[in-house]
Amino acid sequence: RWLACKSLPPGALRSIADTVADRLRVPWFSGAVRIHLSLVPPLVLLPVFLHVAALHFLLGLVVLSSLPAVLLWYYYLTHRRKERTLFFLSLGLFSLAYMYYVFLREVVPRGRVESSQVVALTCGLILMLAALWRAKKDPGYLPIAAGDEKPSQRALPGKSVRGSSGGLHGIAGAASSRAVNGEAKGYCRLAAEQPEGVKKDWCTKCQLVRPARAGHCRLCGRCVRRLDHHCVWINSCVGEQNHQAFILALSFFMLTSVYGITLTLHAVCRGRTPFVALFYCPGAYSDYSSALSFTCVWYCSIVTAGMGYILLIQLLNISYNVTEREARLALRDNTGRRLLGGLVIDTGQYNRGLLCNWGHFLSLGSSPPQRSAESIV
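In this text the structure is predicted, and so the values were computed from the model without any measurement.

A. Representation of the environment of Val113 within the structure. Locating Val113 in the fold gives a position in the loop between α4 (87-107) and α5 (115-135). Judged by its relative accessible area of 11%, Val113 falls in the buried class. As for Val113 and Ala267, which are separated by 154 residues in sequence, their C-alpha atoms are 7.2 Å apart. Each residue touching Val113, except ones within four places of it in the same chain, is listed here: Phe103, Val107, Val118 and Leu263.

B. Spatial organisation of the state of the cysteines. In total, this model carries 1 disulfide according to the counting rule given. Unpaired in terms of disulfides, Cys203 finds its nearest cysteine sulfur in Cys223, a separation of 3.3 Å. Overall, the relative accessible area of 3% leaves Cys203 in the buried class. Cys206 takes part in no disulfide bond, and the closest cysteine sulfur, belonging to Cys223, lies 3.6 Å away. Under the relative-accessibility criterion, Cys206 is labelled buried at 6%.

C. Examining helix α9 (residues 288-319) more closely. Under the 1.5 Å per step criterion, the end-to-end length of α9 is 46 Å for 32 residues, consistent within 8% with the ideal 46 Å. N-capping of α9 is provided by Asp287, with a side-chain oxygen placed 3.3 Å from the backbone N of Ser289. Backbone geometry just after α9 places Asn321 at a positive phi near 55 degrees.

D. Spatial organisation of the pattern of salt bridges. Evaluation of the coordinates by the stated rule reveals 5 salt bridges. Ionic pairing is found between Arg105 and Glu106, a salt bridge with its closest N-O pair at 3.5 Å. Of the charged contacts in the structure, one is a salt bridge between Asp287 and Arg110, with a shortest N-O distance of 4.0 Å. Of this pair, Asp287 sits in the loop between α8 (274-279) and α9 while Arg110 sits in the loop between α4 and α5, placing them 177 residues apart in sequence. For Asp287, a relative accessible area of 34% translates into the label partly exposed.

What counts, and where the lines are drawn
Residues numbered from 1 in each chain as written. Predicted model: local features only at pLDDT ≥ 70, side-chain atom pairs only at ≥ 80, totals over all residues. Heavy atoms only, no water. Helix = DSSP H or I, 4+ residues; strand = E, 2+ residues; numbered from the N terminus. Buried < 20%, exposed > 50% of the residue type's maximum accessible area, 1.4 Å probe, protein only. Contact = heavy atoms within 4.5 Å. Disulfide = S-S within 2.5 Å. Expected span 1.5 Å × (residues − 1). Polar contact = N/O pair within 3.5 Å; in protein donor to acceptor, adjacent residues only side chain to side chain. Salt bridge = Lys/Arg side-chain N within 4 Å of Asp/Glu carboxyl O.

Below is the structure:
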């Protein structure tokens, strides 16, 4: 049809792409393993772009300035389509591996990096990967309601139970009496004739009552306790159970990246401070090894600046005890205050002071569950 200039039937290109993606597999002991197409571009394009950028200063300027624009375009493309992608996770992990490889191959042989410094950099990388692995675990998904169970019609006469979510008024029967610590189990459904206020914490997608600060992620298709946001860099949500590990991974990345950049600039641009060498390093393009190392430094600096901004926003939100989701909703409803030049949105709902806010964050996921209303009765 393409050769004959005929139009393709609707959905034909999508079907072809799905078929190619399904057939793209590698042999393995337990059977062929499917390779996601989003994993491949970073493995191929990143080394090519960095080596091209190392050929000349102007090429490096064009390539390194266009990379953030391409990443933002791809992010908004997948975000608009509500698609999950492994592209950013693959790019992050492969960037770490490739930068570490360039450091060992091009920087260490120069003789200006000691063995203890290499060990320290390696330990920082291992700690960051360990925190990242922990952040990839369950963020605090709420149980999915069973599809064959009926809504409970029982009610306690003259009584109404208020959960910790603060928005459940007049919830009667088993849907409220089985709430544990403000969280309804998967079997807790509400009848269609329940009060209107219940809709504030009733998820129509997951068919359950959400506890306080929980939210539904449209990319994962699940409700998460204390949902902060869906992070494309870990391809998972950041919630109650993995928020601490997420902050640790960002912190270890920042420390390791800044340390690696400092060591590389000290070896390539001798006699200059790291900040000055980053913008003025005569002789950086005198040989290809130095040019590649200097290009990788700039690539790491761009990524580190982006991650540093994310970490700054996260630390400010923790200090005011507000999540990214709550800040976004407050901006939409015009119910929050912009502080620190708009870096943080204070909703005032959960803010109890700096120390109490950080104490609450450090105790996430470790508070003992309270007894249910049913057991108390």
